[in-house]
Amino acid sequence: CNPVSLAGVNEYGIMAVDADGKIMNFVEKPESQEDVKNLTVNIDNKDVFLASMGIYLFEKEALIEALKASRKVDFGKEIIPGTYRNKLTYAFIYKGYWKDIGTLKSFHEANLMLTDPLPRLDIFDEHWPFFTRSRNLPPSKITESRITSSMVSDGCIIDRAHIQHSVIGIRGRIERDSKVEDSVILGCDFYESLDIIKQNEKNGIPSMGIGKNSHIKNAIVDKNARIGNNVKIINKKGLKEYEDKNIIIRDGVIVVGKNALIEDGTVI
């Protein structure tokens, strides 16, 4: 379990524990603050709520018995609430960084958090290393660009662009005079050859990446997206929810789908 404030309780399974950590009550994603008014616990002299991190450890026999007792299968909604009253069920309180990225907004926020000067999750800690899959990509090539408070992955090509408070994924390509703000660009699975890029131009098809003189703000751009020239993906109307073939908006965050094609001059 991870301590959370009252503002976030509706997103998690919330539990109350006794002095030994034994679970005494459990409410899955409470609909109102009234549902959890008596579930606070005091940790480091602060009254907080304990949110389930979705990580469970069972004795084998207890797990088999719990699963055989009913046809229910969801641990958070069904198994745990149905067993803590008659089984010894304890919470381990983890005070380190943890984030549930089950929504697009939380995924967006968790990635951009890594661009902070001292993020809550230190991916540069040699005593707690992060191992990524080795792709043996070339180093990123950046030409006359301005990049602030951002992270740029391997194999990117960035030409005279402005990138601010953003994460650029592998093989990301951003053409000249384009601006990327508060966005997560997931990059590409492969490179297009120069011959293919020329053929794309001839056929009026944007190449993978972000074209010239385009503006991307507060967005998640999935892999292999083709964003043309003079495109503005900025949620001009300030929509909270929207959906079409290539674009969705959830909680104000714009998502450009995988393999999406956004034609030149498009304004969203």
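Residues numbered from 1 in each chain as written. Predicted model: local features only at pLDDT ≥ 70, side-chain atom pairs only at ≥ 80, totals over all residues. Heavy atoms only, no water.

> What's the story with the overall build of the protein in this structure? I'm lost.
Counting secondary structure elements, the protein contains 4 helices and 23 strands. Taking 2.2 N^0.38 as the reference for a compact globule, 268 residues should give roughly 18 Å; the C-alpha atoms of the protein span a radius of gyration of 23 Å, well beyond that estimate. Seen along its three principal axes, the alpha-carbon backbone of the protein occupies a region of about 70 × 40 × 40 Å. Put simply, the protein has 268 residues, and 37% of those count as buried. Of the contacts formed within the protein by residues at least 6 apart in sequence, a portion of 46% connects residues at least 24 apart. (Helix = DSSP H or I, 4+ residues; strand = E, 2+ residues; numbered from the N terminus. Rg over C-alpha atoms; globule rule 2.2 N^0.38 Å. Buried < 20%, exposed > 50% of the residue type's maximum accessible area, 1.4 Å probe, protein only. Contact = heavy atoms within 4.5 Å.)

> Help me understand the sheet that holds strand β10 (residues 162-164), please; the structure alone is not making it clear to me.
Sheet strands line up and pair through hydrogen bonds in the backbone, either parallel or antiparallel. Strand order across the open sheet formed by 5 strands is β7-β10-β13-β16-β19, with parallel pairing between neighbours. Each of the sheet's edge strands pairs with one partner strand only, and the pair in question is β7 (146-148) and β19 (232-233). (Pairing = 2+ DSSP bridges.)

> For this particular structure, what's the right way to read the side chain of N224?
For N224, the position within the fold is in the loop between β17 (219-221) and β18 (226-227). Only 3.4 Å separates the side chain of N224 from the side chain of N259, close enough to count as a polar contact. Those residues in contact with N224, other than ones at most four positions away along the chain, are G187, C188, D189, F190, M208, K258, N259 and A260. (Polar contact = N/O pair within 3.5 Å; in protein donor to acceptor, adjacent residues only side chain to side chain.)

> Just checking my understanding: could you explain the nonpolar core for this structure?
A general trend in soluble globular proteins is that nonpolar side chains are found buried together. In this structure, V180, I216, I227 and V256 are the most contacted members of the largest nonpolar core, which totals 22 residues. Of all elements in the fold, only β17, β21 (247-250) and β22 (253-256) reach the threshold of two or more residues within this core. Apart from the residues lying within four places of it in its own chain, the contact partners of V180 are H162, I163, Q164, S166, I168, I174, I185, I210 and I216. (Core = buried A, V, L, I, M, F, W, Y, C linked by side-chain atoms within 4.5 Å.)

> Can you walk me through the sheet that holds strand β8 (residues 151-152) in this structure?
The sheet built from 7 strands is open, its strands ordered β8-β11-β14-β17-β22-β21-β20 with mixed pairing. Of all strands in the sheet, those with a lone pairing partner are β8 and β20 (241-243), marking the two edges. Alignment of strand β14 (residues 184-185) against β17, held across 2 bridges, turns out to be parallel. Bridge pairing in β17 links V184 to I220.

> Sorry, what's going on with the packing of aromatic side chains here?
How two aromatic rings sit relative to each other is set out by the distance from centre to centre and by the angle between their planes. Throughout the structure, instances matching the rule amount to 1 aromatic pair. Taken together, a centroid distance of 5.6 Å and an interplanar angle of 50° make the contact between Y12 and W98 tilted. Here Y12 is found in the loop between β1 (2-4) and β2 (13-17), whereas its partner W98 is found in the loop between α2 (75-83) and α3 (104-113), with 86 residues between them in sequence. Comparing Y12 with W98, the two get one shared label, buried. (Phe/Tyr/Trp six-rings, centres within 6.5 Å; stacked < 30°, edge-to-face > 60°.)

> Which parts of the structure should I look at to understand the pattern of salt bridges?
Pairing is possible between side chains of opposite charge, provided their charged atoms come close. In total, this model carries 12 salt bridges according to the counting rule given. A salt bridge links D44 to K95; its shortest N-O distance comes to 3.3 Å. With D44 in the loop between β4 (41-43) and β5 (46-51) and K95 in the loop between α2 and α3, this residue pair connects regions lying 51 residues apart in the sequence. Note on accessibility: D44 and K95 belong to one class, exposed. Measuring nitrogen to oxygen at the nearest pair gives 3.2 Å for the salt bridge that ties E175 to R173. Linked by salt bridges that have partners in common, D189, K223 and K258 make up one network. (Salt bridge = Lys/Arg side-chain N within 4 Å of Asp/Glu carboxyl O.)

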